[in-house]
Structure formats: structure tokens, C-alpha cells
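Analysis of the macromolecular model
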Amino acid sequence: MKVISTEKSQILAARIATTLNTTMVDVKFSRFPDGELYLEAGGLDDETVIVGSVTDNDALVQLLLLIDACEVSQNHLVLPYMGYARQDKRFRDGEPISARAIAGLFRNGVEDCITVNIHEPAVLKYFPVPATNISLAGDMGACIGTMGLSNPLILGPDDGALAFAQGVAAAGGWDCDHLEKTRLSGVEVKMAPKKLCAASRPVVIVDDIISTGGTIATAAKMLYQQGATDVYAGCVHGVLIGGAYVHLKASGIRDVFCSDTIERGCSRLSAAASIAAALRS
Ligand code: R5P
């Protein structure tokens, strides 16, 4: 078995290969003069783990090309981050179910698929091959455990994120809650933990994705007003668009960290061990 990856997932893929005690397939990536993507994979094995986060449209096309290039092999697909997964239903007439459209692309060339903290697990049913989702909640909890925080409160930004936050909190036996939004007037909204008090303690807001960082930045300012000593933000998938990292720091957040499902300077925890364990099972 060998591991092969798209350009955007090289570091995570190499970590998976190390954990599986195997090697990477060397791939040359380039473009034709008209912008079309091209790649050439080196020596393939008869069994391959194909790793590629769908972070943008080019990454998706590169992943499809990679799967095709691995035609001679029996392939296991790893989608560390699946873009388009948030459009998991038709919210308005005329919209696509984008998650279904993307999952349906993996009909040929792969035996099975592993996703990581996919935004909505119900999306797994759209894959034409057996698909399993793994969670990095425990890994994130272990990462928080190294931060030296005293009695932290782990907060999901909304009730949908509570299960993930509970998984993170369980790793350290910490308190856990989710933020609740109350509309005070036409223009004023209050965000506070639903049940617990954030005063005089550090707070870590955890979510599957930080995209613009808008929700967490607003929440952080309010948590400081409510007496939190320090606010941190952690996510699995650091999408971090439009200056999100700086926006979060400007809101007073002490530290922003994510996993390597999207490779960032603030990738502080790795999905490699959990993915390797899922591949072995
Ligand atoms: C959405 O439901 C996700 O779980 C995240 O909460 C969302 O993508 C975060 O968006 P933003 O960072 O733009 O506030």
C-alpha cells in the first residue's frame, strides 16, 4: 500500500504514510498553457490511499485526475475536508444539493471513502461507495490539554456544534456548553453560554469549520464582556477566508488553531492518526 495526495494535502498525506509505515507516490503537478491541470504519478502500488481535501474547485479537479491516474490500483479515498458539504439540502427552490453533486463524482475508481468531521453526516448517503466519517473531537481535546488552561469552558458556537464540543470536553473532563443568541432589539443581539457562566475562566470555542470567523469574533467580544479571562478558537477545518485569522485576533481571541485537514500555519493538530486508524479497521 502507498499513499498519494493532491498538492493541497501533501503534509497530512505524508503524516498518514508515516503512521501507516509506508511510502508516498511522487507526483508531478503542472498546468497546460490554457490553465487546465495536469499530473503525472510515479510508481504506483496495487493498493493506494488517495488523500485530497476539496478546498476549492482546482483541488477537486486535481483529486479526480489523481483517482483516474490510479486506475491500476485498488483505491481508498480520504476526503479530509469536503467543500460544498454545507449545501447539504435544497434550502430554496432552484438550488442544487451541492454535497450530493460532489459525492456523486466519486463513483468510479475508489472502493470506499473516509471523511473527517463532515459538516452534516447525513451527506454520507450520497456517496456511491461505502463512506465513513471520523471525528477529531478527541484529538482537539488532547491539543487543548497541552495549552495549560485552568478549568476551561468548552463552548460550541451554536446548539448544532454541541455534540462536537462535548466530545472535545470529554477528553479533559472539562465543562461544556453552547452559545445561545438572544435578540435584544432590531439591531442588537446577545450571545452567551446557554447554561454555564464564562466569568473568571478561559473559554475555548470549538467548531467544525471557521470560515469568515464572523460568528466566533462576535461571540468572543461578548464573552470578554461577561468576564471570560481569555478566549481561544479551535476548529477542525480552518477555511479562514477573507482575513478571518486577523479578524479573530482583532476581536481579542488569544489563539486560533485548526487541524491539518486544510494545511495552515495555525494547523496545530493532525488528522493523520485517526485517519490511519480508520484505514486499518
Ligand atoms: C456552519 O454551520 C459551520 O458549522 C460553521 O459554524 C460556519 O461555517 C462558521 O462560519 P463563519 O466562520 O463564517 O462564522
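These remarks concern the structure in this document.

A short note on the sheet that holds strand β10 (residues 175-183)
Pairing between the strands of a sheet is mediated by backbone hydrogen bonds and can be parallel or antiparallel. Sheet architecture is open: seven strands sit in the order β11-β10-β9-β12-β13-β14-β15, paired in mixed fashion. Taken across any chain shown, the strands that pair with only one partner, and hence form the sheet edges, are β11 (189-193) and β15 (267-269). Strand after strand, the sheet turns through a mean of 35° between neighbouring axes, direction not considered. Where β10 and β11 come together, five bridges link them in antiparallel fashion.

Here's the deal with the site of the ligand
In the region of the ligand, the neighbouring residues are Arg86, His119, Asp207, Asp208, Ile209, Ile210, Ser211, Thr212, Gly213, Gly214 and Thr215. Between Asp208 and the ligand, the recorded distance is 2.6 Å, taken from a side-chain N or O atom to an oxygen atom. Thr212 is positioned such that a nitrogen or oxygen atom in its side chain is 2.5 Å from an oxygen atom of the ligand. In isolation the ligand exposes 380 Å². Once the protein is present, 76% of that is buried. Among the elements of the structure, β12 (202-210) and α6 (214-225) are those that each provide at least two residues to the shell around the ligand. The residue inventory of the shell around the ligand, partitioned by class, reads two nonpolar, six polar and three charged.

Points about helix α8 (residues 272-280)
Along α8, the positions that sit buried rather than exposed are Ala272, Ser274, Ile275, Ala276, Ala278 and Leu279. Against the buried residues of α8 lie α1 (10-19), β5 (47-51), β6 (74-79), β7 (112-116), β8 (131-134) and α4 (137-145).

A short note on the pattern of salt bridges
Overall, the coordinates contain eight salt bridges when judged by the stated rule. With a shortest N-O distance of 2.6 Å, Lys8 and Asp56 are connected by a salt bridge. Of the two residues, Lys8 sits in the loop between β1 (2-5) and α1 while Asp56 sits in the loop between β5 and α2 (57-69), which places them 48 residues apart along the sequence. You can call Asp56 partly exposed: its relative accessible area is 29%. A salt bridge links Asp260 to Arg15, with the nearest nitrogen and oxygen atoms 2.7 Å apart. Linking Asp260 in the loop between β14 (255-259) and β15 with Arg15 in helix α1, this pair joins segments that are 245 residues apart in sequence. The class of Asp260 is buried, set by a relative accessible area of 1%.

Remarks on unusual backbone geometry
Look at Asn117: it is not a glycine, yet its phi comes out positive at around 40°. Among the structural elements, Asn117 can be located in the loop between β7 and β8. A relative accessible area of 8% places Asn117 in the buried class. We note that Leu240 has phi near 45°; this positive angle belongs to a residue other than glycine.

A short note on the packing of aromatic side chains
Inspection of every chain in the model, using the stated rule, returns two aromatic pairs. For the pair Phe32 and Tyr38, a centre-to-centre distance of 5.4 Å together with 70° between the ring planes defines the contact as edge-to-face. When its relative accessible area of 35% is taken as the criterion, Tyr38 is described as partly exposed. Taking NZ or CZ as reference, Lys125 lies 4.8 Å from the ring centre of Tyr126, over its face.

So, the sheet that holds β6
Taking strand neighbours across the sheet as the criterion, the six strands line up as β2-β1-β5-β6-β7-β8 in an open arrangement whose pairing is parallel. Across the chains shown, the open sheet's two edge strands, defined by having one partner strand only, are β2 (23-24) and β8.

Side note on the nonpolar core
Met140, Ile144, Ile154, Val206 and Ile275 are the most contacted members of the largest nonpolar core, which has 36 residues in total. Ranked by the residues each element gives to this core, the list is headed by α8, at five residues. Residues Val54, Leu77, Ala103 and Phe106 belong to the second largest nonpolar core, which totals 26 residues.

Focus on the packing of α4 against helix α5 (residues 162-172)
Two numbers describe how α4 lies on α5: the axes approach to 7 Å, and their chain directions differ by 50°. Considering their axes alone, α4 and α5 lie oblique with respect to each other. Judged by the twist between their axes, the crossing of α4 over α5 is right-handed. Contacts from Ala137, Gly138, Met140, Gly141, Ala142 and Ile144 in α4 reach Phe164, Gly167, Val168 and Ala171 in α5.

Describing α1
Along α1, the positions that sit buried rather than exposed are Leu12, Ala13, Ile16 and Ala17. The buried side chains of α1 occupy one side of the element, clustering within an arc of 140° when seen end-on. On the buried face of α1, the contacting elements are β1, β2, β5 and α8. Note on α1: the residue one or two positions beyond its end, Asn21, has a positive phi of about 60°.

The rules behind the values
- Residues numbered from 1 in each chain as written.
- Predicted model: local features only at pLDDT ≥ 70, side-chain atom pairs only at ≥ 80, totals over all residues.
- Heavy atoms only, no water.
- Pairing = 2+ DSSP bridges.
- Helix = DSSP H or I, 4+ residues; strand = E, 2+ residues; numbered from the N terminus.
- Axes fitted to C-alpha atoms, helices over the stretch in contact; angles between N-to-C directions.
- Near = heavy atom within 4 Å.
- Polar contact = N/O pair within 3.5 Å; in protein donor to acceptor, adjacent residues only side chain to side chain.
- Areas by Shrake-Rupley, 256 points an atom, 1.4 Å probe, with all protein chains shown as cover.
- Nonpolar A, V, L, I, M, F, W, Y, C, P; charged D, E, K, R; others polar.
- Buried < 20%, exposed > 50% of the residue type's maximum accessible area, 1.4 Å probe, protein only.
- Contact = heavy atoms within 4.5 Å.
- Salt bridge = Lys/Arg side-chain N within 4 Å of Asp/Glu carboxyl O.
- Phe/Tyr/Trp six-rings, centres within 6.5 Å; stacked < 30°, edge-to-face > 60°.
- Lys NZ or Arg CZ within 6 Å of the ring centre and 35° of its normal.
- Core = buried A, V, L, I, M, F, W, Y, C linked by side-chain atoms within 4.5 Å.
- Parallel < 35°, antiparallel > 145°, perpendicular 65-115°, else oblique.
- Left-handed = near helix turned anticlockwise from the far one by under 90°.
- Arc of directions from axis to C-beta.

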